[in-house]
Amino acid sequence: MLARLSIRDFAIIDRLDVELEPGFSVVTGETGAGKSILVNALHLLLGGRASEDMIRSESDSAEVQGVFRLPPGGQARLAELELADGEQMLVRRVVSRSGRNRIFVNDRPVTLAVLAELTRDQVDISGQHEHVGLTDEERHLEILDDFGGLGAERARVADAVSRFRELDRACEKLARLERQRAEREDYLRYSLERIRQVDPRPGEDEELALERSRLANAEKIAAGLGAALGGLYEADGSAVEQLGRARKALQELTRFVPELEAAVSQLEGCQQSLEDLSRELEVWAARSESDPARLDAVEQRLGAIKALVRLHGPDLSAVLGWRAELEAELGALDESAGEKAALDEARTRAHAQALALARALGERREAVAAELAARLRAELDTLAMPGAVFDVQIEHLDDAGLDERGLDSVRFMLSANPGEAARPLSKVASGGELSRVLLAVKSVLVDADRVSSYVFDEVDAGVGGATAEVIGRKLAAVARGHQVVCITHLPQIAAWARRHYSVHKRQVKGRTVSGIARLDGEAQRVEELARMLGGQRVGDRARAAARELLERAREA
């Protein structure tokens, strides 16, 4: 609710501060005293358009400030925006002739859009069309749902739509990834196929390098092995032959020197070792024949392996490691294809569920709309709008229009005069008619409306007598659960208020100044009501009538 309103250098107001309380308050005063200026200032506080014309003459800027007391949980959005400051919200707007208009919430600068969002559910103003919640067709759906108690169904639709949109975003993301995956898969398969075509073994490059060296030097190896074999075994006077002679000579001497048997055995061992070595060298010599075809094959194989190392190196081990990674990633990509199918199926199910819930909610709204229209027509009948036609028009959107609110668009239609076709509320209602429609809506929604404060301007336009008293009674009833501020010319309405403020205008040093005063005590209220009844010359008869109005309101 609005707890305090402060105005500086705004229109004909130089300085005004008013403390407001819960319940029903009225603002009265002579025509031109500045009552509607209060409403204009409040419009500005709620996000209305700023204009240099609002600034008081000879002032450089105008300022409007309001303090709103927040309900439990009302700080959540402020906290999200890092604007929270206890249980209240301080809003301040400064309009400057230089064009540097500024907006502050809890002393932090904000944009006009943020201000409008934060104050949207704080105050409903009727009387002027600029910021009247009732002419905002986005609110009509909320009013219908509040009246029908459809909040739980609407929340289920919102949750289902949120789930569908979450899955839809996930599918879109996966589709993008799928396109990237296809490109990635092509690259991976190409890289893996190139490695698989060579199919190297661990250490194969080292083996091939050694084989290439042997094949390239086959003639040199053969020559060296031939020379070694000749010296060891094959040539005349070879090492094996000479060892044989030496063993034989020592063998003959063992008859005389038995101790030489050990030397003979060692020479036999040496001779046997040289013979074994010779046979091994013969094997190597047989292998070391020149093989140009094999050398060419080894060169090609080694070249293919080196090409892979250049791409995926620095060595063959890295190439083999990359092959394992390619195989693992391709396996994961194959699994993701299955994930996409499952996600698509989940999205389809979520969409179908959201549509089903939205259609069911639409059917409930159809039934509730007829009841709301009937209730509002009955209320308008008592508010000096006999024969008014009020209709709640519901348009069911196609599936593409699904959002958190469902598949429905709601518009309030009004014909204030018999015989005229009903048209959208924002296009046909005058300020007074709009105020009475709002009062009718608030009377019907008194226990369900989320807006905490109502401001009625021109609610008394074109009415008087008994109808005015009915309006006052209804305003008092609505004010049992909400803060209600009504600007009125009619004492039959003002008498029902718990608090009474009087706006006055006076001349100060040749300039017009507007002010506001709270009327405390019955005497002051009686005097103001009597003025409203009888004009400037207040007599005893007018005072008696004023007392009777107050007494009748208290007894109700």
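Above this text is the structure in question.
Residues numbered from 1 in each chain as written. Predicted model: local features only at pLDDT ≥ 70, side-chain atom pairs only at ≥ 80, totals over all residues. Heavy atoms only, no water.

Visitor: Help me understand the pairing of strand E15 (residues 511-518) in this model?
Guide: Consecutive side chains along a regular strand alternate between the two faces of the sheet. Sheet topology note: the strand E14 (residues 499-508)/E15 ladder contains eight bridges and is antiparallel. When the bridges of E15 are listed, Lys505 appears paired with Ser514. (Pairing = 2+ DSSP bridges. Helix = DSSP H or I, 4+ residues; strand = E, 2+ residues; numbered from the N terminus.)

Visitor: Quick question: what am I supposed to make of the packing of helix H8 (residues 239-253) against helix H9 (residues 261-287) here?
Guide: When two helices pack together, their arrangement is given by the angle between the helix axes and by the axis-to-axis distance. As a packed pair, H8 and H9 sit with axes 9 Å apart at the nearest point and diverge in direction by 165°. Looking at the two axes, H8 sits roughly antiparallel to H9. As for how H8 packs across H9, the hand of that crossing is left-handed. Packed against H8, whose contacting residues are Ala239, Val240, Leu243, Gly244, Ala246, Arg247, Leu250 and Gln251, the element H9 presents Glu261, Ala263, Val264, Leu267, Glu268, Cys270, Gln271, Leu274 and Glu275 at the interface. A per-class count over the contact of H8 with H9 returns 10 nonpolar, three polar and four charged. (Axes fitted to C-alpha atoms, helices over the stretch in contact; angles between N-to-C directions. Parallel < 35°, antiparallel > 145°, perpendicular 65-115°, else oblique. Left-handed = near helix turned anticlockwise from the far one by under 90°. Contact = heavy atoms within 4.5 Å. Nonpolar A, V, L, I, M, F, W, Y, C, P; charged D, E, K, R; others polar.)

Visitor: I'm lost on the side chain of Arg323 in this one. Help?
Guide: When you line up the elements, Arg323 lands in helix H11 (residues 316-382). Take Arg323: its relative accessible area is 18%, and that puts it in the buried class. Those residues in contact with Arg323 that sit more than four places away from it in its chain are Leu192, Ile195, Asp199 and Pro200. (Buried < 20%, exposed > 50% of the residue type's maximum accessible area, 1.4 Å probe, protein only.)

Visitor: Where do I start with the sheet that holds strand E12 (residues 453-457) in this structure?
Guide: Within a sheet, adjacent strands bond to each other through the backbone by hydrogen bonds, running parallel or antiparallel. Taken together, the six strands give an open sheet; going across it, the order is E8-E12-E13-E3-E14-E15, and neighbouring strands pair in mixed fashion. The open sheet is flanked by strand E8 (123-126) and E15, the only strands paired with a single partner. On average, each strand axis in the sheet is inclined to that of its neighbour by 15°, with strand direction left out of account. Both strand E3 (residues 24-29) and strand E13 (residues 483-487) contribute to a ladder of four bridges, which runs parallel. Opposite Val26, over in E13, you have Cys486 as the bridge partner.

Visitor: Is there a simple way to think about the packing of helix H5 (residues 151-198) against helix H10 (residues 292-312) in this case?
Guide: Their axes nearest at 10 Å, the elements H5 and H10 cross at an angle of 155°. Taken together, the axis directions place H5 and H10 in an arrangement best described as roughly antiparallel. The hand of the H5/H10 crossing is left-handed. Side by side, H5 and H10 meet where Arg194, Ile195 and Val198 of the first sit next to Arg301, Ala304, Ile305, Leu308, Leu311 and His312 of the second. Of the residues that constitute the contact of H5 with H10, the class distribution is six nonpolar, one polar and two charged.

Visitor: Would you take a moment to explain the environment of Ala239 for this structure?
Guide: Mapped onto the elements of the fold, Ala239 is located in helix H8. Separated by 35 residues in sequence, Ala239 and Leu274 place their C-alpha atoms 7.9 Å apart. If sequence neighbours within four positions are ignored, Ala239 has contacts with Gly231, Leu232 and Leu274.

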